[in-house]
Amino acid sequence: RRFFERRLGDEVERWFRRGEPLTAMLIDVDHFKSVNDRFGHQIGDRVLQEVAALLGRDLRAADVLARYGGEEFVLLLPNTTPTQATAIAQRVCAHVARHCFHDGDPSLSVTVSVGVACLNADSELDGDAPAAWLLQQADAALYRAKQRGRNRVVMAQPSVSATPRPPGDTR
């Protein structure tokens, strides 16, 4: 997690300098508690490892994948537009939903919900630090994905007109 936070800070600095979009995805394994309850924590750990491998299989060198907490992961995708990010997130959902977990046991299937947010020149930060804003937007989108039935991607609501500001600049 510390590695992720450091990289997030670096990428926000890059966003400020270059103005290229920066996308974050919060990914939560749906109904993960029931996996642990039904199959045990060892199998649950193996499922998390397999989900992480699925999430990381198509990443570019500049992308960052980290465990965010519990059964949540975060993907940080520099220079990725909202349209590109949505397509990537939908592929992630499909890969996980199709994957055979635990030696192909058909009774063990897993899906993920994904919240996507993009920091770009049009992001309205409302005085928030860009990194905090980006994660809050992705978290809110993830919450909406879960409310809408899980196993889906929700993009954060687009915001309007702001220019990149350095972290800590609250003018």
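Attention in this report is confined to the structure presented alongside it. In this text, all values refer to a predicted model and were calculated from it rather than measured experimentally. All residue numbers here refer to positions counted from 1 along the written sequence of the relevant chain. Thresholds applied to this predicted model are a pLDDT of at least 70 for local features of residues and 80 or more for the giving and counting of side-chain atom pairs; totals over whole chains, interfaces and linings are not thresholded and use all residues. Excluded from the side-chain calculations are hydrogens and water; all other atoms, namely the structure's heavy atoms, are used.

Okay, the pattern of salt bridges next. Should a side-chain nitrogen of Lys or Arg be within 4 Å of a carboxyl oxygen of Asp or Glu, the pair is scored as a salt bridge. Applying the stated criterion to the full structure yields 8 salt bridges. Note that Glu5 and Arg1 form a salt bridge whose closest N and O atoms lie 3.4 Å from each other. Taking the relative accessible area as the measure of exposure, Glu5 reaches 44% and is therefore partly exposed. Between Arg7 and Glu11 there is a salt bridge; the shortest N-O distance is 3.1 Å. Of the two residues, Arg7 and Glu11 are both situated in helix H1 (residues 2–18); the distance of 4 residues between them amounts to about one turn of the helix. For the pair shown, Arg7 and Glu11 are each scored as buried. One network of salt bridges, with partners in common, ties together Arg7, Glu11 and Arg14. Burial classification: accessible surface area is computed with a 1.4 Å probe over protein chains only, and a residue below 20% of its type maximum counts as buried, one above 50% as exposed, and the rest as partly exposed. Helix and strand assignments follow DSSP, with helices taken as H or I runs no shorter than four residues and strands as E runs no shorter than two, numbered in order from the N terminus.

In this section: the nonpolar core. One finds Met25, Val47 and Val110 to be the most contacted residues of the largest nonpolar core, which totals 25 residues. Secondary-structure elements contributing two or more residues to this core are strand E1 (22–29), helix H2 (32–39), helix H3 (41–56), strand E3 (72–78), helix H4 (82–98) and strand E4 (112–119). A total of 6 residues in this core trace back to one element, the largest contributor, which is H3. Contacts of Val110, omitting those with residues within four sequence positions, involve Val29, Val35, Val47, Val51, Val96, Ala97 and Phe101. Nine residue types can take part in a nonpolar core, namely buried Ala, Val, Leu, Ile, Met, Phe, Trp, Tyr and Cys, and a core is a set of them joined through side-chain atoms within 4.5 Å. Counting residues in each nonpolar core, the second largest holds 24 residues, with Phe4, Leu26, Trp133 and Val154 among its members. Here, residues are in contact when the closest pair of their heavy atoms is within 4.5 Å.

Function-wise, these values are silent; they only describe arrangement.
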